[in-house]
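Listed here are the chains, written in short residue letters.
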Amino acid sequence: MKLRVHFVVDPMGWFCLSMVFGVWLYNTVFIPTLILFPHYSEGHIPWALVACYYLASLFCITALVRASTADPGRLPQDPHIPHSEREHWELCNKCNLMRPKRSHHCSRCGHCVRRMDHHCPWINNCVGEDNHWLFLQLCFYTQVLSLFTLLLDFCQYYYFLPLTHLQQEGFGVRHELALLRVSTFMGLLMFGGMSSLFYTQLTGILTDTTTIEKMSYFKSDVGSSGRPWQQTLSEVFGTRWKLLWFVPFRIRQPLGGALYPRLHV
């Protein structure tokens, strides 16, 4: 499948996305500078701990960039609808185009998205059929990175040995307490928010209900998929290899027998 880049022109979305990127950049720069590198240089922590933190940071920013730029499942202007699937399509009353059932018209993006879950301003993109797996990865790796940061902040306060070689004139050393408090606050905020969001997303996927359907009281018409959770998540992530569910550096391939009919272009 060809990689499709999707870019939404929305100043408010750019602002929200910049805030998320700023939180990631803050922790990626200051945590290694204040905690990891000084303690590693004095032999207090192994190199594997530093590598794991940067790996979590890399996976987090990759999921963010890809979720914000991936095509969520935008419908073309003139889709080819097989005769056998016409009963699964309907007319959008906003853009007057045919779309598969359970698609939704996004007022911010100005087009219909296949099985749209919601429009997320924090990634400046819709969450739909083709990028839902990336959004789940973003929620997961944000939790991992936030929890990692909180543990390092705690260890810096109460566990790690005092550093013997410090440059007292450095900005980070002089303002270490304030910088770590800001990091702790952002870590608690991100971990709490993403944990709640991750739970609601998983619940919606396993019950075959989108966020829009929940908000419109459509759940009674959709119901539960009644299938094993492995099969449901495999269709969302586009692979039955569970290890690949955690890899953002790949292209999703739709599986046969998906939750919704595929689009023929």
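For the structure itself, look to the data block above.
Please read all numbers here as calculations on a predicted model, not as lab measurements. (Residues numbered from 1 in each chain as written. Predicted model: local features only at pLDDT ≥ 70, side-chain atom pairs only at ≥ 80, totals over all residues. Heavy atoms only, no water.)

Participant: What is the right way to read the packing of aromatic side chains from this model?
Facilitator: Applying the stated criterion across every chain, the model contains 13 aromatic pairs. Ring geometry for tryptophan 229 against tryptophan 245: centres 6.4 Å apart, planes inclined by 75°, an arrangement best described as edge-to-face. Of this pair, tryptophan 229 sits in helix H8 (residues 229-237) while tryptophan 245 sits in the segment after H8, placing them 16 residues apart in sequence. Residue tryptophan 229 is classed as partly exposed on the basis of its relative accessible area, which comes to 44%. A relative accessible area of 8% places tryptophan 245 in the buried class. An aromatic cluster is built from Phe59, Phe140, Tyr141, Phe198, Phe246 and Phe249, whose rings are joined through pairwise contacts. A cation over an aromatic ring shows up here: arginine 250 above the ring of tryptophan 133, its NZ or CZ 4.5 Å from the ring centre. (Phe/Tyr/Trp six-rings, centres within 6.5 Å; stacked < 30°, edge-to-face > 60°. Helix = DSSP H or I, 4+ residues; strand = E, 2+ residues; numbered from the N terminus. Buried < 20%, exposed > 50% of the residue type's maximum accessible area, 1.4 Å probe, protein only. Lys NZ or Arg CZ within 6 Å of the ring centre and 35° of its normal.)

Participant: How should I be thinking about the state of the cysteines in this particular structure?
Facilitator: Put plainly, a disulfide is one covalent bond tying together the sulfur atoms of two cysteines. In total, this model carries zero disulfides according to the counting rule given. A disulfide-free cysteine, cysteine 60 has its sulfur positioned 9.9 Å from the sulfur of cysteine 139, the nearest such atom. Residue class for cysteine 60 comes out buried when judged on its relative accessible area of 8%. (Disulfide = S-S within 2.5 Å.)

Participant: Would you take a moment to explain helix H3 (residues 132-158) for this structure?
Facilitator: The α-helix winds at 3.6 residues per turn, so residues separated by three or four positions along the chain end up facing the same way. Over its 27 residues, H3 runs 39 Å from end to end, which matches the ideal 39 Å to within 8%, given 1.5 Å per residue. Most of H3 is tucked away: 20 of the 27 residues are buried. (Expected span 1.5 Å × (residues − 1).)

Participant: Any chance you could explain the pattern of salt bridges here in plain terms?
Facilitator: Between side chains of opposite charge, a pair can form as their charged atoms come close. The full count for this structure, using the stated rule, is eight salt bridges. Where arginine 114 meets glutamate 129, a salt bridge forms, and the shortest distance between an N and an O atom there is 3.0 Å. Pair noted here: arginine 114 is in the loop between strand E4 (111-113) and strand E5 (118-120) and glutamate 129 is in the loop between strand E6 (125-127) and H3, with a separation of 15 residues, a long-range link. Owing to a relative accessible area of 2%, arginine 114 belongs among the buried residues under this scheme. A salt bridge links arginine 252 to aspartate 130; the nearest nitrogen and oxygen atoms lie 3.6 Å apart. Here arginine 252 is found in the segment after H8, whereas its partner aspartate 130 is found in the loop between E6 and H3, with 122 residues between them in sequence. For the residue pair arginine 252 and aspartate 130, the accessibility class agrees, reading buried in each case. (Salt bridge = Lys/Arg side-chain N within 4 Å of Asp/Glu carboxyl O.)

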